[in-house]
Amino acid sequence: MRVKSLEISGFKSFARKSVFEFGAQVSSIVGPNGSGKSNVAEALRFVLGEQSLKSMRGKRTEDLIFNGSKTVERQNRAKVVITFDNRDRTFPVDFDEVSIAREIHRDASSEYFLNGSSVRLKDVVELLASVHIGASGHHIISQGEADRILNATPRDRRAMIEDALGLKVYHWKIAESEKKLIKTEQNMRESESLRREIAPHIKFLKKQVEKVEQARSLRDELMELYREYLKREEVYLSYTRTKLHTEKQELDVSLRDTSEALTKAESLRGHNVGQSPENTALLDARGELGNARRERDELGRKIGRLEGMIEMETRRLDRPVESADKMISARESEQLAQGLYEELGYAESSEDYLYIKGVVSRTRARVGQFLEHLRGGTSDVDTRREESKKEIEGLKDERDALIRTRGELENTITQLEVRVRELERVIESKRAETTDAERASFELRAKNQELTMKLALNHDRTEHFTREEVAFREEIREGGILVGRMIQEYPSFSLDEGAALLEDRMEQEGRRKKIERIKIRLEDIMGSSSGEDVMREYEDTVQRDEFLAKELEDLKASAESLRVLMRELEETLNEQFKDGITKINKQFSEFFGLMFGGGTASLQVSYEKKKKKSDTEILETPDEDEEESEEGIEVAVHLPHKKIRGLQMLSGGERALTSIALLFAVSQVNPPPFLVLDETDAALDEANSRKYGDMIENLAKYSQLIVITHNRETMSRANIIYGVTMGADAISKLLSIKFEEAAQMAK
Ligand code: ATP
C-alpha cells in the first residue's frame, strides 16, 4: 500500500486544484518560506480525519478554507482527496485504489467520501485504523514537532510510543471492553434490582399458588364427594318423583271414584221418605180408610137409630091404641129433638145475648108449633096404623139401604187396609235403603277425607320434593362454579341403586354437610377465583425471574470474559510494549550512536507514584491514603565525551538529533505505511544532514516518505521533488522540478 496522489483544492493557500503524485518511495516538497509546503502536510492530516484545528494551525473551520487574496476571491469550500494504491489489499476492501475525500464548507459542515461515496467520519477512522494510520498519528511529523516526544511528559510519551508501536488498538479494545463491562455491570445491577423487586411478589404468588394447589386438592376431593352425592341424589329424586307421581295418580283415581260413590250415596241418602209419592199415597189411603171407617160407624149408628125407630114404631103399632092418644111419629119427635139439641148447643157456646135470646125465642116457637101440632091433629087410628106400617117399611128400607152401603163400605175399607199395608211395606223398605246409603255415605266421606289428606300430604311432599329438585340443580350449578365442568360427570359414579334407595336419608345429609364444609374451606381459600390467573402470573413471574437469573448469569459470564479479555489485552499490550521498547531501544541506541558518533540513548519505563483522590474527605486518614503508580517513559541519553544526562541539558541541535534518532528508531521498529516529515532536518548541520539523508534512505525501505525540506542533502535522496511557490496572487502553486532546480529553489 502506498499513497498514490494527493489532490488539494480550496484548502488554505491552495486556492486552485493541485495534485501531487507520490508514486515514488521518497517524495520531497521544496519551496520558499511561506509558499505553502506545511499546508500540504496539514492537507494530509485534514483528509485523514484530523479533528484538532490547532494541529492544522487554525482556530475555526473557516481558517482551513482559502481566504482570498488581493486578486483572487475567497473559496467557500475546501476539499482534499488522498488516493492509495491498494493492490496489495492492505486496506481490507476489495478495491485496487482507495480514495478518501474530505470536504468542508464555511458553515463548518464536513463531509467524507470513500471512493466517491458519502460516508461517516467513523467509517474513515475505522478504515485507517485497520492499517495503523491515525489522524493525529505519529506518521506526520509537523514542522517543529520533531522533539515533541522529548518535550512530552513521561505519560504522554508512553502514549505516543504506544501509538507509534501500533498498540493503540489495544487501548481502544480495552476501552471498548471497559465500556461493555460498565454497560454489562449496569445491566447486571438492573437485572439484580429487577430480581430483588420481583422476589417479594414471587414469594407472595408462591403462597397464593400453594393455596391454589391446596384448593385443587380440595376441589378433587369435592369432586369425588359430589360424584357420589349427586348420583345418589339423582337416584333418590328420580325414584321419589315417580313414586309421588304414581301415588298422586292413584290417589286421584281413588278420590274420583270415592267422590262419585259419595255423590251417589249422598243422593240416595237425601231421599225424604216422608215426601215420597208412596208416603202421600199412604197418607191418602189412611185418610180414605179413616173416612170410610167413620162413614161405616156413622152408618152403623144410623142403622142402629133406624132399628131403634123401627122397634119403637113396631112396639107402638103392637100396642092397643087409645083414641085420645095423639099419634106422634118417632121421626117427628127425633127431628124436633135433634133441631133443638143443635140450636141449644150453639147457644150454649155463645156469649152473645141477642143471639141466645134469638135461639130461646126460636126454640119456644118450634116447641109451640110442635105442641100445636100435637094438640090439634086428629086422625083415624087405622089410618094411623097404616101410616105407621108404612113408616116402619120405609124405615126398614132405609135401614137395609144403609146396611148395603155399609157392606160396600166394609169392602172399601178392606181394600184400603190392604193398600195401606202395601204402602207401609214399600215405605219401610225405602227407609231401610236410605239408611244403607247413609252408612255408605259416612264411610265414603271418611275415605274421601282420608284420600284428600293423603293427596294433601302428597302435595306437601311434592312441594318439598320440588324444593329438593331445585336444591339439586342449584347444587350442581354451585358445584360447577367450584369444580368446573367435571361436575357433569357425576352420572358415571357406579352405584347399587336398589341399596342406595334403602339407605337412610341421614347418610346423604351427612354427605351434603361434608360437601358444604369443603365448599366453605374452598371459598375461604380461593374466593370465587379459579386460581388459573394466579398460577399463570406465578409461572410468568417465575419464568421472568428465571430469565433474569439466566440473563444475570450470562451477564456475569460475559463480564468475567470481558475482564479476562481486558486482562489479556493489557498483558498483550504490556508484553508488546515492553518488546517494542526493547526493539526501539536497540534502534534508538544505534541511530543515536550514528548521529552523535557514540554515546547511548534509551527509553526507560518509569513509575510515578500518585495519590489517589478519595471520594470522601471525612473518611480520609493519612494512613489510608492509597497510591497508584503511573507508568511513563523516560528518555536517558549519554552523549559521547560529555557528562550530560538530562534532556534539558541538550543543545537545540542535540535535541533535534536525539528526537530524529528516536523517531527513526520507532519508525523502524513499527514502520508506518507512509511518513511525513516536515522540516525535521531544519536544525542539522551539513555532517548530520548526510547522516539524516542516510537514515532517510534506510527508512524508505520500510515506509513511503514525504519529506518537506530546505535541506539539499535531504532533497538529493528523493525520487520526486515537488516545488511549491507562491506568487503575488498569494496562491500556492505546484511544479514538478529537477533536483538542480530544487537545490536552487531551496537556497
Ligand atoms: P516555511 O518554509 O517558512 O515553513 P511553508 O512553505 O511551510 O513555509 P506554509 O506555512 O505552508 O509555508 O504556508 C503558509 C502560507 O499559507 C502563508 O503565506 C499563509 O498566508 C498561507 N495561508 C494559510 N492559511 C491560508 C488561508 N486560509 N487562505 C490563504 N492563505 C493561507
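Every chain is numbered on its own, with residues counted from 1 as its sequence reads. Restriction of local features to residues with pLDDT of at least 70 applies here, the model being predicted, together with a cutoff of 80 or more for giving and counting side-chain atom pairs; totals for whole chains, interfaces and linings are based on all residues. As a convention, hydrogens and water are excluded, and side-chain values are obtained from all of the structure's heavy atoms.

A. The arrangement of the overall build of the protein chain in detail. Counting from the N terminus, the helices are DSSP H or I runs at least four residues long and the strands are E runs at least two residues long. Helices and strands together make up the secondary structure of the protein chain, namely 16 helices and 14 strands. Relative to the compact-globule value of 27 Å for 747 residues, the protein chain shows a C-alpha radius of gyration of 82 Å, a clear excess of over 25%. Dimensions of the protein chain, computed from C-alpha atoms along their principal axes, come out at roughly 250 × 70 × 60 Å. Working definition: with a 1.4 Å probe on protein chains only, accessible area under 20% of the residue-type maximum means buried, over 50% means exposed, and in between means partly exposed. A buried classification covers 40% of the 747 residues belonging to the protein chain. Residue contacts are counted whenever heavy atoms from the two residues lie within 4.5 Å of one another. Restricting the contact set of the protein chain to residue pairs at least 6 apart, pairs at least 24 apart contribute 74%. His residues and chain termini do not enter the charge count, which takes Lys and Arg as positive and Asp and Glu as negative. Charged side chains are reduced to one point each, which is NZ for Lys, CZ for Arg, CG for Asp and CD for Glu. Each charge class in the protein chain was averaged separately, 121 positive and 141 negative side chains, and the resulting centres sit 4 Å apart. The reference for a compact globule is 2.2 Å times residues^0.38; the radius of gyration itself is calculated from the C-alpha atoms.

B. Up close: the packing of helix α12 (residues 532-596) against helix α13 (residues 652-669). All axes here are fitted lines through C-alpha atoms, helices being fitted over the stretch that makes contact, and every angle between N-to-C directions spans 0 to 180 degrees. Closest axis-to-axis distance for the α12/α13 pair is 8 Å, and the angle between their directions is 140°. Classed by the angle they form, the pair α12 and α13 counts as oblique. Relative to α13, the crossing made by α12 is right-handed. Counted together, Gly-580, Lys-583, Ile-584, Gln-587, Phe-588, Phe-591, Phe-592, Met-595 and Phe-596 of α12 and Glu-654, Leu-657, Thr-658, Ile-660, Ala-661, Leu-662, Phe-664, Ala-665, Val-666, Gln-668 and Val-669 of α13 form the full contact between these two elements. When describing relative orientation, an angle under 35 degrees is termed roughly parallel and one over 145 degrees roughly antiparallel, while 65 to 115 degrees is termed roughly perpendicular and anything else oblique. Helix crossings are classified by the rotation of the near helix relative to the far one: an anticlockwise turn of less than a right angle makes the crossing left-handed, while a clockwise turn makes it right-handed.

C. Spotlight on a negative patch on the surface. Taken together, Glu-178, Glu-568, Glu-570, Glu-571 and Glu-575 make up a surface patch of like negative charges. In terms of residues, the negative patch owes the most to one element, α12, which gives 4 residues. By secondary structure assignment, the location of Glu-571 is in helix α12. Note on patches: the residues involved have over 30% relative accessible area and no salt bridge, like charges join within 9 Å, and the nonpolar side chains Val, Leu, Ile, Met, Phe, Trp and Tyr join within 5 Å. All accessible areas in this document rest on Shrake-Rupley with a 1.4 Å probe, and a residue is counted as covered only by the protein chains that are shown. In what follows, salt bridge is the name for a side-chain nitrogen of Lys or Arg lying within 4 Å of a carboxyl oxygen of Asp or Glu.

D. A look at the sheet that holds strand β7 (residues 117-119). For two strands to count as paired, DSSP must find a minimum of two bridges between them. Read from one edge of the open sheet, 6 strands run β2-β1-β4-β5-β6-β7, paired in antiparallel fashion. Strand pairing shows two members of the sheet lacking a second neighbour, β2 (18-21) and β7, which therefore form its edges. Averaged over neighbouring strand pairs, the angle between their axes works out to 20° when direction is ignored. Relative to β7, strand β6 (residues 110-114) is paired through 3 bridges, and the arrangement is antiparallel. If you follow Leu-114 over to β7, its bridge partner there is Ser-117. Each of β1 (2-9), β2, β4 (77-85) and β5 (97-105) touches helix α1 (residues 37-47); the most contacted strand, β4, lies at about 80° to it.

E. Examining the side chain of Ser-38 more closely. Turning to its location among the elements, Ser-38 is positioned in helix α1. If near-sequence neighbours (up to four positions away) are discounted, Ser-38 is found in contact with Arg-57, Gln-143, Asp-678 and Ile-708.

F. Spatial organisation of the pattern of salt bridges. Tallied over the full model, the rule gives 54 salt bridges. Among the ionic pairs, Glu-62 bridges to Arg-106, the shortest N-O distance being 3.8 Å. With Glu-62 in the loop between α1 and β4 and Arg-106 in the loop between β5 and β6, the pair connects residues that are 44 residues apart, well separated along the chain. Here Glu-162 ties to Arg-158 by a salt bridge, and the two come within 2.6 Å at their closest N and O atoms. Placement of the pair is Glu-162 and Arg-158 together in helix α4 (residues 154-164), with a separation of 4 residues, close to one helical turn. Each member of the pair, Glu-162 together with Arg-158, is buried. Here the residues in one salt-bridge network are Arg-60, Glu-62, Asp-63 and Arg-106, joined through shared partners.

G. Highlighting the site of the ligand. Around the ligand, a shell composed of 18 residues is seen, among which Asn-33, Gly-34, Gly-36, Lys-37 and Ser-38 lie nearest. Contact distances for the ligand include 2.9 Å between an oxygen atom and a backbone N or O atom of Ser-38. If the ligand stood free it would expose 650 Å²; the protein chains cover 74% of that surface. Here the shell around the ligand is composed, by residue class, of 3 nonpolar, 10 polar and 5 charged. For this purpose, a residue is taken to be near a molecule or strand whenever a single non-hydrogen atom of the residue falls within 4 Å of it. Any pair of nitrogen or oxygen atoms within 3.5 Å is treated as a polar contact; in protein, a donor-acceptor pairing is required on top of that, and neighbouring residues in sequence qualify only through side-chain atoms on both sides. For this classification, Asp, Glu, Lys and Arg are treated as charged, while Ala, Val, Leu, Ile, Met, Phe, Trp, Tyr, Cys and Pro are nonpolar and the rest, including Gly, are polar.

H. Expanded view of the packing of α12 against helix α14 (residues 686-699). It is the contact of α12 with α14, at a shortest axis distance of 9 Å, that shows an interaxial angle of 150°. Considering the angle they form, α12 stands roughly antiparallel to α14. The residues of α14 that touch α12, namely those facing Phe-591, Leu-594 and Met-595, are Asn-688, Lys-691, Met-695 and Asn-698.

I. Layout of the sheet that holds strand β12 (residues 704-708). The sheet built from 6 strands is open, its strands ordered β8-β11-β12-β3-β13-β14 with mixed pairing. Lying at the two open borders of the sheet, with one neighbouring strand each, are β8 (140-141) and β14 (732-737). Sheet topology note: the strand β11 (residues 674-678)/β12 ladder contains 5 bridges and is parallel. The residue of β12 that forms the bridge with Val-676 is Ile-706. Taken strand by strand, α1 contacts β3 (26-30), β8, β11, β12 and β13 (720-726), and its axis lies near 145° from that of β11.

J. Representation of the UniProt feature "coiled-coil region" (unreviewed entry) in the protein chain. UniProt positions are given in the numbering used here, feature names are shortened, and annotations may be inferred rather than shown by experiment. What UniProt calls "coiled-coil region" (unreviewed entry) maps, in this numbering, to residues 174-232, 385-440 and 535-579. For residues 385-440, the helix share is 100%, the strand share is 0%, and the end-to-end C-alpha distance is 80 Å. End C-alpha atoms of residues 535-579 are separated by 63 Å, and the span's content is 100% helix alongside 0% strand.

K. How the structure looks around the packing of aromatic side chains. Pairing of aromatic rings covers Phe, Tyr and the six-membered ring of Trp, with a centre-to-centre limit of 6.5 Å; geometry is then stacked below 30 degrees between planes, edge-to-face above 60, and tilted otherwise. Taken as a whole and assessed by the stated rule, the structure comprises 12 aromatic pairs. Plain terms: the ring middles of Phe-11 and Phe-46 are 4.9 Å apart, the flat faces sit at 40° to each other, and that makes the pair tilted. You can see Phe-11 sitting in the loop between β1 and β2 and its partner Phe-46 sitting in helix α1, a full 35 residues away along the chain. An identical accessibility class is assigned to Phe-11 and Phe-46; each is buried. Aromatic pair Phe-22 and Tyr-722: ring centres 6.1 Å apart, planes at 85°, arrangement edge-to-face. In this pair, Phe-22 is assigned in the loop between β2 and β3 and Tyr-722 in strand β13, connecting sequence segments 700 residues apart. Note on accessibility: Phe-22 and Tyr-722 belong to one class, buried. Cluster of aromatic residues (ring-pair linked, three or more members): Phe-14, Phe-20, Phe-22 and Tyr-722. Cation placement over rings: the criterion is NZ of Lys or CZ of Arg within 6 Å of the ring centroid and within 35° of the ring normal. Over the aromatic face of Phe-113 sits the side chain of Lys-79, whose NZ or CZ is 5.9 Å from the ring centroid. When the ring centre of Phe-577 is taken as origin, the NZ or CZ atom of Arg-158, which lies over that ring, is 3.9 Å away.

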